[in-house]
Amino acid sequence: MSYNSDIAVTVYCIVYNHEKYLRDALDGFIMQKTNFKFEVLVHDDASTDNSAGIIHEYELKYPDIIKPIYQKENIYSRGVNRTFEYMLPKTRGKYIAWCEGDDYWTSPDKLQKQYDYMEQHPECSLVAHEALTFNCHTGKTKKYTVHDFSKLENCELSTAEIIDNHLLFPTASMFYRKEYYIKNEEFLKTVKGFDYVMKILLSSEGIVHIIPECMSVYRFQTEGSWTYDVSRSNEKFLKHTQLAIENLEKINAYTNYKYDAEIKKNSVKRMYQAYINAFNFKELKKEPYLSIYKKLSVKKRIFLHIRKYFPFLYKLKTH
């Protein structure tokens, strides 16, 4: 496969009404110190705020780096695949990195470190790194995961570990080869919201290496984001969970059921959490969820019942 010799890395940045946060993301791109050229495809999906204006400002100032794609109408709401329809055809790099418009990078050496590792390790299909989470609701910052990657042998993750916990590293930390999209294009087009599927599939194709250094920030519960929206509705969380399980079933078949046991276990765990969030005790009393529910302490189970049947008591306790 041939690549444009001038560009080594293409960064994908998806934007929709990210005016409050977008400058942090764009500044994180501009500050990168590399011995190679890179480009940033910034896709604005017809934002109704000043996101497009901010992108245009950076486009004029850094024309060799910032390559915008402006939509006149929102295509996400119409089910159009932004990656394959608009991003991939314009991608000139050998490698792809991600950072959505409400997240941002904190290290100027991020791209260089990931590029160097991939160049030196052709057996590696994905290199990511540790990150921080900033909760926009509470204003608190913490590590994205409690996993201590510095204690892992060679800082590598197995497919089973990734299936078990999709939050081990965020999308804004991911760096992989463009050819991944080319050879899996038809399958990936059938998957909605596929960052979790990407992690699983990439891990099945090679080694996943984690750089034990926090080099980005994931903003959690930004206003208007899916995390903000879904977390406030049990119904939406359940639908999101069901979609995730559908995607797991698809990747299970696509990988010839190599990880069947792990995927089935994770599907059960996800539905159990959805029922817990909704205080759906009727479903929790059925297998396979009942076995998990019984492992909760009596105190925890009582607490869940109080939250459902006596919410005013719960509010008094937390205020």
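Criteria and cut-off values
Residues numbered from 1 in each chain as written. Predicted model: local features only at pLDDT ≥ 70, side-chain atom pairs only at ≥ 80, totals over all residues. Heavy atoms only, no water. Pairing = 2+ DSSP bridges. Helix = DSSP H or I, 4+ residues; strand = E, 2+ residues; numbered from the N terminus. Phe/Tyr/Trp six-rings, centres within 6.5 Å; stacked < 30°, edge-to-face > 60°. Buried < 20%, exposed > 50% of the residue type's maximum accessible area, 1.4 Å probe, protein only. Axes fitted to C-alpha atoms, helices over the stretch in contact; angles between N-to-C directions. Parallel < 35°, antiparallel > 145°, perpendicular 65-115°, else oblique. Left-handed = near helix turned anticlockwise from the far one by under 90°. Contact = heavy atoms within 4.5 Å. Nonpolar A, V, L, I, M, F, W, Y, C, P; charged D, E, K, R; others polar. Core = buried A, V, L, I, M, F, W, Y, C linked by side-chain atoms within 4.5 Å. Salt bridge = Lys/Arg side-chain N within 4 Å of Asp/Glu carboxyl O.

Novice: Looking at this model, I keep getting lost on the sheet that holds strand 9 (residues 156–157). Mind explaining?
Specialist: As a general point, the strands of a sheet are linked pairwise by backbone hydrogen bonds and lie either parallel or antiparallel. If you walk across this open sheet you meet the 8 strands as 3-2-1-4-10-6-11-9, and the pairing is mixed. Both edges of this open sheet fall to strand 3 (66–70) and strand 9, since each of them pairs with a single strand only. Two strands pair when backbone bridges link them, and strand 2 (residues 38–44) and strand 3 are joined in this way by 5 bridges, in the parallel orientation. Residue pairing across strands places Val 40 opposite Ile 66, the latter belonging to strand 3.

Novice: Would you mind showing me how to read the packing of aromatic side chains here?
Specialist: Both the distance between ring centres and the angle between the ring planes are used here to describe each pair of aromatic rings. Scanning all chains against the criterion turns up 17 aromatic pairs. Measuring from centroid to centroid gives 5.7 Å for Tyr 176 and Tyr 181, while their planes differ by 70 degrees, and the two rings are edge-to-face. By relative accessible area, which is 0% here, Tyr 181 ends up buried. Chaining the aromatic ring pairs together yields one cluster made of Tyr 12, Phe 84, Trp 98, Tyr 176, Tyr 180 and Tyr 181.

Novice: When you look at the sheet that holds strand 8 (residues 141–143) in this model, what are you seeing that I'm missing?
Specialist: With mixed pairing, 4 strands are arranged side by side in an open sheet as 5-12-7-8. Looking along the sheet, the strands with just one partner apiece sit at the ends: strand 5 (104–105) and strand 8. Alignment of strand 7 (residues 132–135) against strand 8, held across 3 bridges, turns out to be antiparallel. Bridging from a neighbouring strand, Thr 133 pairs with Lys 142 of strand 8.

Novice: I'm lost on the packing of helix 6 (residues 179–188) against helix 7 (residues 195–205) in this one. Help?
Specialist: Pairs of packed helices are described in terms of their axes, by the angle between the two and the distance that separates them. Their axes nearest at 12 Å, the elements helix 6 and helix 7 cross at an angle of 130 degrees. Considering the angle they form, helix 6 stands oblique to helix 7. Crossing geometry of helix 6 relative to helix 7 is assigned as right-handed. Touching Tyr 180, Tyr 181, Lys 183, Asn 184, Phe 187 and Leu 188 of helix 6 are Val 197, Met 198, Leu 201, Leu 202 and Glu 205, all from helix 7. Taken together, the residues that form the contact of helix 6 with helix 7 break down as 8 nonpolar, 1 polar and 2 charged.

Novice: I would appreciate a short explanation of the nonpolar core in the present structure.
Specialist: In a soluble, globular protein the nonpolar side chains are often hidden away together inside. One finds Leu 157, Phe 169, Tyr 176 and Tyr 181 to be the most contacted residues of the largest nonpolar core, which totals 38 residues. A total of 6 residues in this core trace back to one element, the largest contributor, which is helix 7. Once you skip the residues sitting within four places of it in the chain, Tyr 176 turns out to touch Lys 94, Tyr 95, Ile 96, Trp 98, Met 118, Ser 125, Leu 126, Tyr 181, Met 198 and Leu 202. If you look at the next biggest cluster of nonpolar residues, it comprises 33 residues, including Ala 8, Ile 30, Ile 54 and Val 127.

Novice: What is the right way to read the pairing of strand 11 (residues 207–211) from this model?
Specialist: Regular strands place side chains that alternate from one sheet face to the opposite one. Counting buried residues in strand 11 gives 4 out of 5 residues, a clear majority hidden from the surface. Direction of pairing for strand 6 (residues 124–129) relative to strand 11: parallel, over a ladder of 5 bridges. Bridged to Ala 128 within strand 11 is Ile 210. Pairing of strand 9 with strand 11 involves 2 bridges; the strand directions are antiparallel. In the strand pairing of strand 11, Glu 156 is matched with His 209.

Novice: Which parts of the structure should I look at to understand the pattern of salt bridges?
Specialist: When their charged atoms lie close together, side chains carrying opposite charge are able to pair. Across all of its chains, the model carries 12 salt bridges by this definition. One salt bridge in this structure joins Glu 119 and Lys 94, with 3.0 Å as the shortest N-O distance. Within this pair, whereas Glu 119 is found in helix 4 (residues 110–120), its partner Lys 94 is found in the loop between helix 3 (82–87) and strand 4 (95–98), the two being separated by 25 residues in sequence. With its nearest N and O atoms 3.3 Å apart, the salt bridge here joins Glu 283 to Lys 286.

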